[in-house]
Amino acid sequence: PLTVGKSWLGILLLVSHVPDAVFQISTISQVSTIAGQVAIVFQNLSLGEETERNLQNSEVLSYLGQQLLAADNEQQIYNLALEAIATTQPEQGATIFMIDEVGGDQEVELVAGWEHPSREQPALELGLRLSSKELGLFSMLRHGLSVVYNNGVVDDRFSPPLRQLLATLGIG
């Protein structure tokens, strides 16, 4: 096995094309040692890549923090946030909704969006306003609750209008 501690990374398979071949214990021991070294190299490579991504994300977030302090208006703040998401999560898209209290309901308004260039999805107009009650979000927003789920389009906890919105946004 290619293992580091209790983490399995893969398997090194030793095969002989000689019929009825039997491997010597010393050969198995050598291969096991090599497998352990290979596993450590793989793990170090993975950790190096992860460290590099984290460093890049930290630099982006540091830059974002500096730029947010200098932002003059809400649109600049939205754009900076979307730019940071586009830089740190380039395979994703992002949408920013803000909450507005209207006659006992909390409406969510689409204020900014960044659509991933390679994803095809219908564009939503900025300024789109939706009732949190109709979306089934009123109680979550009122109590500050979050629900994270990777397939919200079919989650029965979400209202049909919310599932439709998630599908339109390409989420879930």
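Residues numbered from 1 in each chain as written. Predicted model: local features only at pLDDT ≥ 70, side-chain atom pairs only at ≥ 80, totals over all residues. Heavy atoms only, no water.

Student: Honestly, the sheet that holds strand E3 (residues 94-102) in this entry has me stumped. Any pointers?
Tutor: The strands making up a sheet associate through backbone hydrogen bonding, with each pair oriented either parallel or antiparallel. If you walk across this open sheet you meet the three strands as E3-E4-E5, and the pairing is antiparallel. Looking at which strands have only one partner, the edges of the open sheet turn out to be E3 and strand E5 (129-131). With direction set aside, neighbouring strand axes in the sheet form an average angle of 30°. Pairing of E3 with strand E4 (residues 105-114) involves nine bridges; the strand directions are antiparallel. Within the sheet, the bridge partner assigned to Met98 lies in E4 and is Glu109. Where helix H2 (residues 74-88) meets the sheet, its contacts fall on E3 and E4, and the angle it forms with E4 comes to roughly 60°. (Pairing = 2+ DSSP bridges. Helix = DSSP H or I, 4+ residues; strand = E, 2+ residues; numbered from the N terminus. Axes fitted to C-alpha atoms, helices over the stretch in contact; angles between N-to-C directions. Contact = heavy atoms within 4.5 Å.)

Student: Looking at this structure, I do not really get helix H1 (residues 25-70). What am I missing?
Tutor: Given 3.6 residues per helical turn, the α-helix brings residues three or four places apart onto the same face. Its 46 residues place the ends of H1 67 Å apart at the C-alpha level, agreeing with the 68 Å of an ideal helix rising 1.5 Å per residue. Every buried residue belonging to H1 is among Val31, Ala35, Ala39, Val60 and Leu64, and all of these are buried. (Expected span 1.5 Å × (residues − 1). Buried < 20%, exposed > 50% of the residue type's maximum accessible area, 1.4 Å probe, protein only.)

Student: Could you clarify how one ought to interpret the environment of Glu109 in this entry?
Tutor: Within the secondary structure layout, Glu109 lies in strand E4. By relative accessible area, which is 26% here, Glu109 ends up partly exposed. C-alpha of Glu109 to C-alpha of Phe97: the two residues are twelve residues apart in sequence and 5.1 Å apart in space. The contact partners of Glu109, leaving out residues within four places of it in the chain, are Ile96, Phe97, Met98, Gly127, Leu128 and Arg129. Within the structure, Glu109 has its side chain in polar contact with the side chain of Arg129 (distance 2.9 Å). (Polar contact = N/O pair within 3.5 Å; in protein donor to acceptor, adjacent residues only side chain to side chain.)

Student: Quick question: what am I supposed to make of the pattern of salt bridges here?
Tutor: For side chains bearing opposite charge, pairing can occur when the charged atoms are close. Throughout the structure, instances matching the rule amount to three salt bridges. Of the charged contacts, one joins Glu107 and Arg129 as a salt bridge, the two residues approaching to 2.7 Å between their closest N and O atoms. Placement of Glu107 in strand E4 and of Arg129 in strand E5 is noted, with a sequence separation of 22 residues between them. (Salt bridge = Lys/Arg side-chain N within 4 Å of Asp/Glu carboxyl O.)

Student: Explain the packing of H1 against H2 here, please?
Tutor: The relative placement of two packed helices comes down to the angle between their axes together with the axis-to-axis distance. Interaxial distance between H1 and H2 falls to 10 Å at its minimum, and their mutual angle equals 175°. Looking at the two axes, H1 sits roughly antiparallel to H2. Residues Asn57, Val60, Tyr63, Leu64, Gln67 and Leu68 of H1 form the contact with H2, whose own contacting residues are Ile77, Leu80, Ala81, Glu83, Ala84, Thr87 and Thr88. The class makeup of the residues in the contact of H1 with H2 is eight nonpolar, four polar and one charged. (Parallel < 35°, antiparallel > 145°, perpendicular 65-115°, else oblique. Nonpolar A, V, L, I, M, F, W, Y, C, P; charged D, E, K, R; others polar.)

Student: How should I be thinking about the side chain of Ser131 in this particular structure?
Tutor: Locating Ser131 in the fold gives a position in strand E5. On the basis of relative accessibility, which here comes to 12%, the residue Ser131 falls in the buried class. Separated by 3.1 Å, the side chain of Ser131 and the backbone nitrogen of Lys133 make a polar contact. Not counting residues within four places of it along the chain, the set of residues in contact with Ser131 comprises Asp105, Gln106 and Glu107.

Student: Looking at this structure, I do not really get H2. What am I missing?
Tutor: Between its terminal C-alpha atoms H2 stretches 21 Å, which fits the 21 Å expected from 15 residues at 1.5 Å a residue. Check the buried side of H2 and you find it contacts H1, E3 and E4. Sitting at the head of H2, Asn73 places a side-chain oxygen 3.1 Å from the backbone nitrogen of Gln75.

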